[in-house]
Amino acid sequence: LSPTIGCSEIELLEADTFDLYCFQSLTGTKFFVVCEPGTQHMEALLKVVYELYTDYVLKNPFYEMKMPIRCELFDINLAQAVQKDRVALLGQ
Amino acid sequence: MPPAAPRSGDAIFASVERVNAELFTLTYGAIVRQLLTDLEEVEEVNKQLDQMGYNIGIRLIDEFLAKSNVSRCVDFKETAEMIAKVGFKMFLGVTASVMNWDADGTCCSIVLEDNPLVDFVELPDTCQGLYYCNILSGVIRGALEMVSGNEDGSHLDS
């Protein structure tokens, strides 16, 4: 499976101990999720993360573009989104 | 998982939180007035408005992409229509028209019939040459630069 070189908008890398999902926006920003092999609905999670990014990172006027993200609200909401996902998966 | 279908400007506009239009108009007016006071030169104000717009545009584009689910436009004509019909609708609640295409299809005008930025605004003679809505020009320039890289913005007539 080819990895990130020539990555189009959605990409998946399946390894023995993990799956790596990638989402690339049309602006070239890439989002990665590393998860247990076989985890479902990661594309949907990536979309949620993208929306959290457009809200809590990009709309923060004190965030400088292309710098590392140190936005507390982003971290909090991201953790909540992942937690919600985890709970949903465990519930099956 | 099949990609989600693109959403219309109307649908997105209806789904986001909105603010009082008059507050918006007043806020923008306050910005322009302050810039005129601080910078005095109309050309400088135009430049500053464009720069402010640019800084907004580079951030706004991802919001646009995330909410609208559009895929990459095939040519500039499609891009212009996207800006006019989806972009302006989504963020300003108004639809714009695309016209005055040049022969190569590389240059056009995007015209706003109804522009919330200029409600109640009359430019005095002392502000000749002021592009009151130049922030919009900057927004488009910034947004397009993030998805392509090679756009030349131009002013918008208020």
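This section reports on the structure supplied with the text. Note that the structure is predicted; figures quoted are calculated from it, not measured.

## Overview of the pattern of salt bridges
Inspection of every chain in the model, using the stated rule, returns seven salt bridges over all chains. A salt bridge links A:Lys47 to A:Glu51, with the nearest nitrogen and oxygen atoms 3.8 Å apart. In this pair, A:Lys47 and A:Glu51 are both assigned in helix α1 (residues 42–57), four residues apart and thus about one turn of the helix distant. Taking the relative accessible area as the measure of exposure, A:Lys47 reaches 24% and is therefore partly exposed. Here A:Glu51 falls in the partly exposed class, since its relative accessible area comes to 34%. A salt bridge links A:Lys59 to A:Asp55; its shortest N-O distance comes to 2.6 Å. The class for A:Asp55 is partly exposed, based on a relative accessible area of 30%. The network of salt bridges with common partners includes A:Asp55, A:Lys59, B:Glu63 and B:Lys67.

## Regarding the state of the cysteines
Residues and elements named next belong to chain B. Scanning the entire structure with this criterion turns up zero disulfides over all chains. You can see Cys108 has no disulfide; the closest cysteine sulfur is in Cys107, sitting 6.6 Å from it. Of the residues examined, Cys108 reaches a relative accessible area of 22% and is grouped as partly exposed.

## Some points on the interface of chain A and chain B
At the junction of the two partners, chain A supplies 21 residues and chain B supplies 15 residues. Approximately 1,400 Å² of surface area, both sides summed, lies buried where chain A meets chain B, with 57% of it carried by carbon and sulfur atoms. Three residues, A:Leu26, A:Thr27 and A:Met65, lead the burial of chain A against chain B; their summed loss comes to 43% of the area buried on that side. Linking chain A with chain B are one salt bridge. For A:Lys59, the salt bridge is made with B:Glu63, and the minimal N-O distance between the two is 2.7 Å. Connecting chain A to chain B are eleven residue pairs in polar contact (both at pLDDT 80 or more). Its residues placed into classes, the side of chain A that touches chain B shows nine nonpolar, five polar and seven charged.

Conventions we followed
- Residues numbered from 1 in each chain as written.
- Chains lettered and ligands numbered in written order.
- Predicted model: local features only at pLDDT ≥ 70, side-chain atom pairs only at ≥ 80, totals over all residues.
- Heavy atoms only, no water.
- Salt bridge = Lys/Arg side-chain N within 4 Å of Asp/Glu carboxyl O.
- Helix = DSSP H or I, 4+ residues; strand = E, 2+ residues; numbered from the N terminus.
- Buried < 20%, exposed > 50% of the residue type's maximum accessible area, 1.4 Å probe, protein only.
- Disulfide = S-S within 2.5 Å.
- Contact = heavy atoms within 4.5 Å.
- Buried area = accessible area lost by both parts, 1.4 Å probe.
- Polar contact = N/O pair within 3.5 Å; in protein donor to acceptor, adjacent residues only side chain to side chain.
- Nonpolar A, V, L, I, M, F, W, Y, C, P; charged D, E, K, R; others polar.

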